[in-house]
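Architecture at a glance
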Amino acid sequence: MSEHEARERATLDTVKRAQDTPDERQPYAELGMKLDEYDRVREILGRRPTSSELAIYSVMWSEHCSYKSSKVHLRQFGTKAPKSEALLVGMGENAGVVDIGDGWAATFKIESHNHPSYVEPHQGAATGVGGIVRDIMSMGARPIAVMDALRFGAADAHDTRRVLPGVVEGISHYGNCLGLPNIGGEVVFDPCYIGNPLVNALCVGLLRKDQIKLATAPGPGNKVVLFGALTGPDGIGGASVLASATFEDESHAKRPSVQVGDPFMEKLLIECCLELYQADVVVGIQDLGAAGVSCATTELAAKGTGGMDVRLDLVPLRDPSLRPEEILMSESQERMMAVVTPDDIDAFMAICAKWDIPATVIGEVTDGGRLVMTWHGETIVDIPPGTAADEGPVYERPFHEPAGQAALNADDPARLPRPEDLRATLLQLLGSPNLASKEWVTSQYDRYVRGNTVLAQPADAGVLRISEIMPGAEETARGIALSTDGNGRYARLDPYAGAQLALAEAYRNVAVTGATPLAVTNCLNFGSPEDPEVMWQFAEATRGLADACKTLGVPVTGGNVSFYNQTGSTPIHPTPVVGVLGVIDDVAGRVRSGFTAPGQKVLLLGETEEEFGGSEWAHVAHGHLGGLPPKADLEAERALALVLTEAASRGLLTGSHDLSDGGLAIALAESALAQGIGATVVLPDGDAFVELFSESSARALVTVDPESFDAFAELCAANELPCQCLGTTGGDALVVENVLEIPVAELRETHTSTLPGIFG
Amino acid sequence: MSAARVGVVTFPGTLDDQDAARAVRHAGGEAVPLWHADPDLKGVDAVFLPGGFSYGDYLRCGAISRFAPLMEELIPAARAGLPVLGTCNGFQILCEAHLLPGALMRNAGLHYVCRDQGIRVENTATPWTSDFAEGQEIVLPVKHGEGRYVADEATLNALEAGGQVVFRYVGGNPNGSLNDIAGIRNEAGNIVGLMPHPEHAVEDLTGAPSTDGRGFFSSILKKLVTL
Amino acid sequence: MARVIVEVMLKPEILDAQGQAIARALPRLGFSGVSAVRQGKRFEVELEGPADEEALAEVRKMAETLLANTVIEDYRVTVES
Amino acid sequence: MARVIVEVMLKPEILDAQGQAIARALPRLGFSGVSAVRQGKRFEVELEGPADEEALAEVRKMAETLLANTVIEDYRVTVES
Ligand SMILES: Nc1ncnc2c1ncn2[C@@H]1O[C@H](COP(=O)(O)OP(=O)(O)O)[C@@H](O)[C@H]1O
Ligand SMILES: [Mg+2]
């Protein structure tokens, strides 16, 4: 035994030592644990935990892993869930799975990597993509596309120029390297996100309906295999310290070590996993994300027999000096854990070798009901795994309406001066960072790779065909559509309505392509749950989202909560980001975005009210946030989607675009920009400013061939959907009669020059 | 008559192999998968080196791939006249393997660029471009971070003089490549490399801007049938 | 007219995917006897004036804020001899 | 157990887009007095044995064929002192 080993041995905190030294002081507080949580661990174990056990409980019971503050609210997504035949796997697994027909299923999920992306934008965002992709892989699916919903401080703020390019480069590099087309997302700027950018990454995967994999370790005697990258000191403490505690400006020195990704390794891991599934040599599988080995072993064991023996010293290391506690907490990327029968282990290892993926048997499933870990023969962990994985603390945090909420809602934008020059206002909005072209960002993403992208930016939703993605899918004509949306300003004014509006917009974006919305994922970005005002926002937003999902008939299949998004005591706007997945029976019938041909009738669907609370106009023209957000009329939203999908399937639509931020004016401009085709329209009776810029929901702009007009109008009437013919496409200018005329070239110049002007 | 057989190479990290194979099939050929670690060309009539990030594009794009066991077979075969097309990463590999002159460097704008790009076909005297008209302008997707073609002056002059510049960017140069070069061929003309992606532009349904990529595959298949 | 060299390497605890990929490739390419490779960056900074203490302090600041990402990288500034 | 350093820099006649971008950014960031920046790569190669002539010849070959692309780059091999 070397001197080093001897020293290590002497300081090793074994179960035996824990029994012998019951009163030893332990750094539970430093690991983010409360005294009562620590006491609960002692009670469960009937002794003090070893330091390795403390590492496990502290990460597993962190906000990030245990959802201790959000659980009581998230339950509504289950209790209020609409009946859905499509839902194959619901919340609680790595990702939800939805039946998309013809024997195929889609799995999708959105997750945040906000804090790491502030500390190290490139790696933080890159590993965010990597993590969500592994979640999708662990369901047995081939990842087929990614999306990214981003929020930054003001576009011209100094720190935004540091954070945004790094984040975009990280997503770009990681996603592009994996060969996953990026089919959509959002980029939103608001001063509230300075110091707290939001980086929410979504991944969608495809699998045969009968080949879903679950994170479970059944069958005593089965082998536990760790495969993928070696374990290093990446993001140690990240799960509890980085991901769930707010950090202060002066905490430079306390910066935890960040995780660094290797997309090449992940690409090999994807192909390797797919071959393992194909060969049917995997009994259970789990990705290693936050809390690494701690999380994978406890969750696999808890969902299996409950028993597992692990030899922690067999974990292959990048840095040989790592201690067992560190190995347990390491967040090294690009790792997976599988449960494999002894009969299949050779075949499993051979496939890993083919892909150059290191794989090591580190343990075995037992029927002992306990997770036991040893380190060079000494027992350092001996716990009932369910207590770490499933029986974490649950908090009913107090909440109340924020002090200024009523005053905020009373500050109606009706008091704001209205513009005289609507042409100038349209251009001002179109060139504002939130509405300007996002091409500076999206041109860094590969949207074509693997040749199955039917629609991507700047379409309302990303659309993929299924038939060519995987062997055996040739027969299906189906496609899937996906959109993510969220509006922090709306949610700030009314978190209940704001969450519903986020869902409504994503739902509408999916419907305008012709797809039927099926299921929901969500990422809830909020301030500190220990702040009762933030907790109120959270409670309202979850209640709103759950109610809306019920009304619209789309179940929540999974998601993610990110708390502590605040600088000092100032939280970000509550920002629920909602992703909706839809299915289109014949993907060839998808509807393209905007004006696609001249001579088409331009129709406005839905009803316009005077709604300027939280609007883009109030924000850009006046820096104003007050009043109430637009009404979330879900029944109207449903009727609109029904008409859109029905019309698409009958081939009645030649183009479509939903109305959202910036209202009709921006929808018209974006539609003209899509292919450089102008239009001449007449506004409905009423105040031209309101008609153009109000942000009422449940509206869309569509074009139809004059020959299809009657059939389409009938369809609208049958569904009681207001439909007004505004004019005709054609020409090279957007003409709103008696109001404004802008050449498409000028629209384009205004739309495309803003972000390059800021970011180079 | 059996279909012409076009080998499609997969390295660890290759991404566009599936699209390349599909494009070959759509054009009526047989796509034969070739694995980087197998030094076996399986008797194919032509080879497509597709895009991606082989070996993560670590070190330099294509630098590690060119040493793959398969390349030990491919390099002499290409020198002996086997038609070879490299797109994007495939082009980079061909340059690293010295089958084509010059090198591909980080884009002048320092960002990865994915966009629909105008391209002029400058030379149709290759088995991959014979179905195009000289001077024809087409649109293909480009998507790369390191596509700036560079070569020393003598090489550039020789390329220009010898009609070895096969494709040039029009309507804007996405990466700052010298002389707007988008693709080149070797002297014999059997080896062609370009940054744009014909394999993504063969179908109406998928979002790519055109079906102009079909010309590459119809060219090579005609050539192989008439051989 | 002095030249200052800034060398930037990943911190030892940070995963060097590039270096690892090279090291893994070497035996296949017929190179043996290498136990590890790390890849970093090297900047040659040409100064208009002499490399005096003041100028070096500037270059160090430049390395700290721009050339290196000190969250994951270490740097070293030397004057070319 | 020696460490050999391989430095790879672009040939002087090749446009160094990264170096130029840095040089252009410097004045904006408040750094003056820099006339040019060039960016290259630095490899630290850990040998299993000593850095004798034979080993160095191997590393030179590695630099020539793999670590540098001699169409556009020059390299230099040194033993770390
Ligand atoms: N970060 C991003 N990543 C990928 N695509 C993006 C991103 N941001 C915006 N996009 C795409 O740009 C287009 C315009 O975005 P946006 O105006 O927010 O769409 P919408 O209002 O329909 O939600 C959409 O196709 C969207 O998916
Ligand atoms: Mg939209």
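Anything mentioned here points back to the structure above.
These numbers come from a predicted model, not from an experiment.

A few words now on the coordination of the magnesium ion (ligand 2). Residues and elements named next belong to chain A. Around the magnesium ion (ligand 2), the donor atoms from the protein are Asp460 (OD), Asn509 (OD1) and Asp658 (OD), and they sit 2.1 to 2.3 Å away. For the magnesium ion (ligand 2), all donor residues lie on one chain, and their spacing in sequence is D-x48-N-x148-D. With Asn509 in helix α20 (residues 495-511) and Asp658 in strand β23 (residues 653-658), the pair connects residues that are 149 residues apart, well separated along the chain. Asp658 shares its class with Asn509; the two are buried.

Let us now look at the interface of chain C and chain B. It is common to give the size of an interface as the accessible area lost on bringing the parts into contact. Across the contact, 8 residues belong to chain C and 5 residues belong to chain B. Summing both sides of the interface, chain C and chain B together bury roughly 630 Å²; the carbon and sulfur share of this comes to 73%. Of all residues in chain C, C:Gln18, C:Arg28 and C:Leu29 bury the most surface against chain B, accounting for 54% of the area lost on that side. Our count for the chain C to chain B interface comes out at 0 salt bridges. Here chain C is connected to chain B by 2 residue pairs in polar contact (both at pLDDT 80 or more). For the side of chain C that touches chain B, the element with the highest residue contribution is helix α1 (residues 17-28) of chain C, accounting for 6 residues. Across the side of chain C that touches chain B, the residue classes tally to 5 nonpolar, 2 polar and 1 charged.

With that out of the way, let us pick up the pattern of salt bridges. Inspection of the entire model under this criterion finds 68 salt bridges over all chains. The partner of A:Arg208 in a salt bridge is A:Asp210, with the nearest N and O atoms 3.7 Å apart. A:Asp210 sits in the exposed class, given a relative accessible area of 59%. Taking the shortest distance from any N to any O, the salt bridge between B:Glu137 and B:Arg120 comes out at 3.9 Å. Here B:Glu137, found in strand β7 (residues 137-144), pairs with B:Arg120, found in strand β6 (residues 113-121); they are 17 residues apart in sequence, far enough to count as distant. A relative accessible area of 52% places B:Glu137 in the exposed class.

All names here are of chain A. A contiguous patch of negative charge on the surface is contributed by Glu607, Glu609, Asp633 and Glu635. Along the polypeptide, Asp633 turns up in the loop between α22 (616-622) and α23 (634-649). Residue classification places Asp633 among the partly exposed positions, given a relative accessible area of 32%.

With that settled, consider the sheet that holds strand β2 (residues 96-101) of chain A. All names here are of chain A. If you walk across this open sheet you meet the 6 strands as β1-β2-β3-β6-β4-β5, and the pairing is mixed. At either margin of the open sheet sits one strand with a lone partner, and together these are β1 (87-89) and β5 (182-189). Each neighbouring strand pair of the sheet contributes to a mean axis angle of 25 degrees, computed without reference to strand direction. Bridge analysis of strand β4 (residues 142-152) against strand β6 (residues 198-208) gives 9 bridges, and the strand direction is antiparallel. Looking across to β6, one finds that Leu150 is bridged to Val199.

Conventions and cut-offs
Residues numbered from 1 in each chain as written. Chains lettered and ligands numbered in written order. Predicted model: local features only at pLDDT ≥ 70, side-chain atom pairs only at ≥ 80, totals over all residues. Heavy atoms only, no water. Donors = N, O, S within 2.8 Å, 3.2 Å for Na, K, Ca; no water. Helix = DSSP H or I, 4+ residues; strand = E, 2+ residues; numbered from the N terminus. Buried < 20%, exposed > 50% of the residue type's maximum accessible area, 1.4 Å probe, protein only. Contact = heavy atoms within 4.5 Å. Buried area = accessible area lost by both parts, 1.4 Å probe. Salt bridge = Lys/Arg side-chain N within 4 Å of Asp/Glu carboxyl O. Polar contact = N/O pair within 3.5 Å; in protein donor to acceptor, adjacent residues only side chain to side chain. Nonpolar A, V, L, I, M, F, W, Y, C, P; charged D, E, K, R; others polar. Patch = residues over 30% accessible without salt bridge, like charges linked within 9 Å, V, L, I, M, F, W, Y side chains within 5 Å. Areas by Shrake-Rupley, 256 points an atom, 1.4 Å probe, with all protein chains shown as cover. Lys, Arg positive; Asp, Glu negative; His and termini not counted. Charge placed at Lys NZ, Arg CZ, Asp CG, Glu CD. Pairing = 2+ DSSP bridges. Axes fitted to C-alpha atoms, helices over the stretch in contact; angles between N-to-C directions.

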